[in-house]
Amino acid sequence: MAYMQSGVHRAGGRLSVADIAAQPGGIEALQCRVHELRSRGVHFAANAIEQEMAALDLSP
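The rules we used
Residues numbered from 1 in each chain as written. Predicted model: local features only at pLDDT ≥ 70, side-chain atom pairs only at ≥ 80, totals over all residues. Heavy atoms only, no water. Salt bridge = Lys/Arg side-chain N within 4 Å of Asp/Glu carboxyl O. Helix = DSSP H or I, 4+ residues; strand = E, 2+ residues; numbered from the N terminus. Buried < 20%, exposed > 50% of the residue type's maximum accessible area, 1.4 Å probe, protein only. Core = buried A, V, L, I, M, F, W, Y, C linked by side-chain atoms within 4.5 Å. Contact = heavy atoms within 4.5 Å. Expected span 1.5 Å × (residues − 1). Arc of directions from axis to C-beta.

Student: Hey, could you go over the pattern of salt bridges for me, with residue numbers and the actual values?
Tutor: Applying the stated criterion to the full structure yields three salt bridges. Between Arg33 and Glu36 there is a salt bridge, and its shortest N-O distance comes to 2.8 Å. Of this pair, Arg33 and Glu36 both sit in helix α3 (residues 26–39), separated by three residues, roughly a single helical turn. With a relative accessible area of 26%, Glu36 lands in the partly exposed category. Notably, a salt bridge pairs Arg40 with Glu36, separated by 3.2 Å at the nearest N-O pair.

Student: Mind laying out the nonpolar core, listing which residues take part and the relevant values?
Tutor: Core analysis: the biggest nonpolar cluster contains ten residues, these being Val17, Ile20, Ala21, Leu30, Val34, Leu37, Ala46, Ile49, Met53 and Leu58. Where this core is concerned, the elements lending two or more residues are α2 (17–22), α3 and α4 (43–55). The residues touching Val17, leaving out its near neighbours within four places in the chain, are Leu30, Ile49, Glu52, Met53 and Leu56.

Student: So what about α4? Which residues, and what values?
Tutor: Look at α4: 18 Å from first C-alpha to last across 13 residues, which is about the 18 Å you get at 1.5 Å a residue. Taken together, the buried positions of α4 are Ala46, Ile49 and Met53. With its buried residues spanning 65° around the axis, α4 presents them on a single face. Relative to its buried face, α4 has exposed residues pointing more than 90 degrees away, namely Phe44, Gln51 and Ala55. Its buried side turned inward, α4 meets α2 and α3. Taken from the residues just after α4, Asp57 is the one with a positive phi, measuring 60°.

Everything listed is a geometric property; what it means functionally is a separate question.
Quick look at the structure:
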């Protein structure tokens with residue numbers, strides 16, 4: 001994903017949804033991640049990302 005290559009990182013290696021969304025192509029990367037998680041059956045994590053995106057008014 002683009003955010004991993006940009007050098008943006010936080011202590012502990014974790015990024016927030018807002019950090020990722022702020023990067024070029026970040027919203028698309030988040031949408032892809034949600035799709036990937038759902039296809040693997042990890043609905044809890046996909047729901048959490050979607051909830052944060054909605055709180056930031058980033059949902060499509």
